[in-house]
Every structure is written in structure tokens, then in C-alpha cells.
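Report on the structure
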Amino acid sequence: MRQTYAGGCQCGKVRYEATTDLGEVISCNCSRCAKLGWLLAFVPAQDFKLISGKDATTDFQFNKHAIHHLFCATCGIESFARGKGPGGAEMAAVNVRCLDGVDLDSLDVKRVDGRSR
Ligand SMILES: [Zn+2]
């Protein structure tokens with residue numbers, strides 16, 4: 001079910017809203033996600049609204065530099081990232097662990113082999 005979730009980093013400088021269906025979330029084994037333990041949901045850019053923290057993040061890129069990993073420069077939490085989807089559309093990757101009030105144990109987790117890409 002599509003729902004609007006609020007989320008952000010640990011210290012509260014980065015806050016956003018994302019409208020998405022959390023029926024299935026992604027666990028990726030790439031060199032970054034594996035270390036961070038991300039649970040991912042991809043959201044079209046128009047369904048993601050950064051409320052605060054535009055200037056509070058540091059941008060990290062690796063591999064093909066397809067995704068901007070925007071972590072809070074104060075508390076270090078990467079609560080979202082930005083990039084382009086397979087069709088070239090602007091997307092936000094939301095860290096589902098950073099959304100308020102989500103029961104993580106109730107989610108269906110799909111494993112994606114990002115390491116091999
Ligand atoms: Zn923070």
C-alpha cells in the first residue's frame with residue numbers, strides 16, 4: 001500500500017518525506033550496502049521530498065558513479081541517495097531503516113546481487 005513516510009538521519013539535520021509501497025524492500029550485497037546494512041526502497045524523484053539538510057550532507061560516489069550517496073556530515077547516517085533508474089529517470093533510494101515508525105521485521109526483503117554488477 002502506498003503511504004507517505006517521514007525519515008531522516010540520526011541527528012535530525014536531514015529530514016525528508018517519501019511516498020512508496022514498502023511491500024518489498026531490497027537488501028543489496030555491494031561493497032557499500034553490505035557494510036551499511038541498508039534496506040532499500042527506490043522511489044521516483046517526484047515522490048521524494050527533502051525537507052531539510054540539503055547543505056548538511058556529504059556526497060560519496062564509487063564504482064560507476066551512478067549514485068550520489070548523501071550522508072549526513074554531522075552524524076554519518078546515510079538516510080537516502082540519489083541517482084538514475086535503469087530507464088534514466090531520476091530516483092531516490094530511501095534507506096528504509098531511517099523511516100519513522102516502520103516495523104522492519106514485517107517487511108519482505110528481496111536480495112539483490114549488487115556485488116556482481
Ligand atoms: Zn545527521
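This text gives an overview of the structure that appears in the document.

How each quantity is defined
- Residues numbered from 1 in each chain as written.
- Predicted model: local features only at pLDDT ≥ 70, side-chain atom pairs only at ≥ 80, totals over all residues.
- Heavy atoms only, no water.
- Donors = N, O, S within 2.8 Å, 3.2 Å for Na, K, Ca; no water.
- Helix = DSSP H or I, 4+ residues; strand = E, 2+ residues; numbered from the N terminus.
- Buried < 20%, exposed > 50% of the residue type's maximum accessible area, 1.4 Å probe, protein only.
- Pairing = 2+ DSSP bridges.
- Contact = heavy atoms within 4.5 Å.

Bringing the coordination of the zinc ion into the picture now. Only Cys 9 (SG), Cys 11 (SG), Cys 72 (SG) and Cys 75 (SG) from the protein coordinate the zinc ion, and they sit 2.3 to 2.4 Å from it. For the zinc ion, the donor residues sit on a single chain with the sequence spacing C-x1-C-x60-C-x2-C. A residue pair is termed long-range when its members are at least 10 positions apart, and Cys 9 in the loop between strand E1 (2-8) and strand E2 (15-21) and Cys 72 in strand E7 (residues 67-72) qualify at 63 residues. Accessibility assignment for this pair places Cys 9 and Cys 72 in one class, buried.

For the rest of this paragraph, the subject is the pairing of strand E6 (residues 57-60). Relative to E7, E6 runs antiparallel, the two being bridged by 4 bridges. Of the residues in E7, the one forming a bridge with Thr 58 is Phe 71. Counting the residues between successive antiparallel strands, the hairpin from E6 to E7 contains 6 residues, one of them, Asn 63, with a positive phi of roughly 55°.

This next bit is on the environment of Ser 31. Within the element layout of this structure, Ser 31 appears in the loop between strand E3 (24-28) and helix H1 (33-36). By relative accessible area, which is 46% here, Ser 31 ends up partly exposed. Residues Ser 31 and Gly 8 lie 23 residues apart in sequence; the distance between their C-alpha atoms is 23 Å.

A few words on unusual backbone geometry. You will see that Asn 63, though not glycine, has its phi angle at about 55°, which is positive. Relative to the assigned elements, Asn 63 resides in the loop between E6 and E7. Of note, the phi angle at His 65 is positive, near 55°, even though the residue is not glycine. Positionally, His 65 belongs in the loop between E6 and E7. A relative accessible area of 47% places His 65 in the partly exposed class.

Looking now at the side chain of Ser 79. Relative to the helices and strands, Ser 79 resides in the loop between E7 and strand E8 (80-84). Once residues lying within four places of it in the same chain are set aside, the contact partners of Ser 79 are Gly 8, Cys 9, Val 14, Tyr 16, Leu 70, Ala 93, Val 94, Asn 95 and Cys 98.

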